[in-house]
Amino acid sequence: MLKERHKPEGNASLTRPAALAMIGADQSVKFTGLIPNSTASILFSGGCHYKVQDVYLSAFSQLGITLPDGLNKAVLKRQIEFMAGRYSAQQALYTLGFKQPVMIPINSDRSPCWPAGIIGSITHSEHIALAVVANSKYVTALGVDLEKEITLSVARDIAKQIISLTEQNNCAKWGCPFNWFLTLAFSAKESLYKAIYPHINQFFGFDAAELIALNTVEQSFLLQLTQSLSENYQAGDCFQGTYTYQNGFICTLIMCVKNS
């Protein structure tokens, strides 16, 4: 049984500046090269740092981020990850142009419920949270994912669950370190899932897409669907993505821009 937790109470000794400093809001949480220059005017991001410690609940509470009732009994890690992600989303919305704080509720399928006219995606890994948002007038699908690089031993254990034989051959052909490649493929497919799911409302696994192209100079990749997921997402459809690798983390982004 999960240990019951209550909504975090504001810590009288924790000022707003102290809370901001604690979560690294005074530091830039950006992954250089992730957002293409051509989309910098329509895609906005926000992020923060966190640790799985009770004091971080107070920090996010001081910054106006609250837990929904459904997470009151969740474990500390889940609560802090949620609050870090929502804080990051709020900051991304500020950069997009929102003047007032906006809380992002949870849909019945546990996905974020974005404001009308907004499309977004949230990710967190280890101690970093990141969110990206865009106006749905310009972007039709959006997914971001952050992963700490998988160790070689773990990569070998889980490879068959993540990549196909074709992708394993591509890894060898492209001369990529196996654990790095597996982390990239895992993250890229997670970004694709986040981007497509709101349009199809059904689960699909890692075998639904393959990484068929990789440009390590431009830090871009191409995923191709191996299965038809809906009328609008058919086997053979391709999705361009970007990635960045910094400080042992791989961050991937998939964004589908509306044709002008």
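(A) Quick peek at the sheet that holds strand β1 (residues 43–49). With antiparallel pairing, the three strands of this open sheet are ordered in space as β1-β3-β2. Edge positions in the sheet fall to β1 and β2 (118–125), since each of these pairs with one other strand and no more. Ignoring strand direction, the axes of neighbouring strands in this sheet form an average angle of 15 degrees. As paired strands, β2 and strand β3 (residues 128–135) are joined by eight bridges and run antiparallel to one another. Of the residues in β3, the one forming a bridge with Thr123 is Leu130.

(B) Quick peek at the sheet that holds strand β7 (residues 238–246). Spatial ordering of the open sheet is given by β4-β8-β7-β6-β5, a layout of five strands whose pairing is antiparallel. Each of the sheet's edge strands pairs with one partner strand only, and the pair in question is β4 (139–148) and β5 (209–215). The average angle at which neighbouring strand axes cross in this sheet is 25 degrees, direction not considered. Relative to strand β8 (residues 249–257), β4 is paired through nine bridges, and the arrangement is antiparallel. Counterpart to Gly143 in the pairing with β8 is Ile254. Strand contacts of helix α6 (residues 178–200): β4, β5, β6 (220–225), β7 and β8, with the helix running at about 150 degrees to β4, the strand carrying the most contacts.

(C) Structural view of helix α3 (residues 76–96). For α3, which comprises 21 residues, the first-to-last C-alpha distance of 30 Å matches the rise-based estimate of 30 Å (1.5 Å per residue) to within 8%. The buried fraction of α3 is high, at 15 of 21 residues. Gly97 sits one or two positions beyond α3 and adopts a positive phi of about 135 degrees.

(D) Looking closely at unusual backbone geometry. The backbone of Gln219 sits at a positive phi, close to 55 degrees, despite the residue not being glycine. Of note, Gln219 is situated in the loop between β5 and β6. For Asn247, which is not glycine, the phi torsion reads 55 degrees and is therefore positive. Summarising the element assignment, Asn247 is placed in the loop between β7 and β8. Owing to a relative accessible area of 76%, Asn247 belongs among the exposed residues under this scheme.

(E) Summary view of the layout of surface pockets. Taken as a whole, the largest pocket holds about 850 Å³ of empty space. Forming the walls of the largest pocket are 29 residues, and the residues nearest its centre are Arg110, Ser111, Pro112, Ile122 and Lys194. Breaking the lining of the largest pocket down by element, the ones donating at least two residues are α3, β2, β4 and α6. If you tally residues by element for the lining of the largest pocket, the top one is β2, at seven residues. Its residues placed into classes, the lining of the largest pocket shows twelve nonpolar, ten polar and seven charged.

(F) Molecular detail of the nonpolar core. Core analysis: the biggest nonpolar cluster contains 33 residues, and Trp180, Leu192, Ile196, Phe221, Leu225 and Leu229 have the highest contact counts within it. When residues of this core are traced back to their parent elements, those giving at least two are α4 (152–162), α6, β5, β6, β7 and β8. With eleven residues, α6 is the single largest residue contributor to this core. If we skip the residues at most four places from it in the chain, Ile196 touches Phe204, Leu225, Leu229, Tyr233 and Phe239. Membership of the second largest hydrophobic core comes to 21 residues, among which are Leu14, Tyr56, Leu57 and Phe60.

Analysis parameters
Residues numbered from 1 in each chain as written. Predicted model: local features only at pLDDT ≥ 70, side-chain atom pairs only at ≥ 80, totals over all residues. Heavy atoms only, no water. Pairing = 2+ DSSP bridges. Helix = DSSP H or I, 4+ residues; strand = E, 2+ residues; numbered from the N terminus. Axes fitted to C-alpha atoms, helices over the stretch in contact; angles between N-to-C directions. Contact = heavy atoms within 4.5 Å. Expected span 1.5 Å × (residues − 1). Buried < 20%, exposed > 50% of the residue type's maximum accessible area, 1.4 Å probe, protein only. 1 Å grid on protein atoms, 1.4 Å probe; cavity = no way out; pocket = protein on both sides within 12 Å on 5 of 7 lines; lining within 4 Å. Points joined across faces, edges and corners; volume = space filled by probe spheres on them. Nonpolar A, V, L, I, M, F, W, Y, C, P; charged D, E, K, R; others polar. Core = buried A, V, L, I, M, F, W, Y, C linked by side-chain atoms within 4.5 Å.

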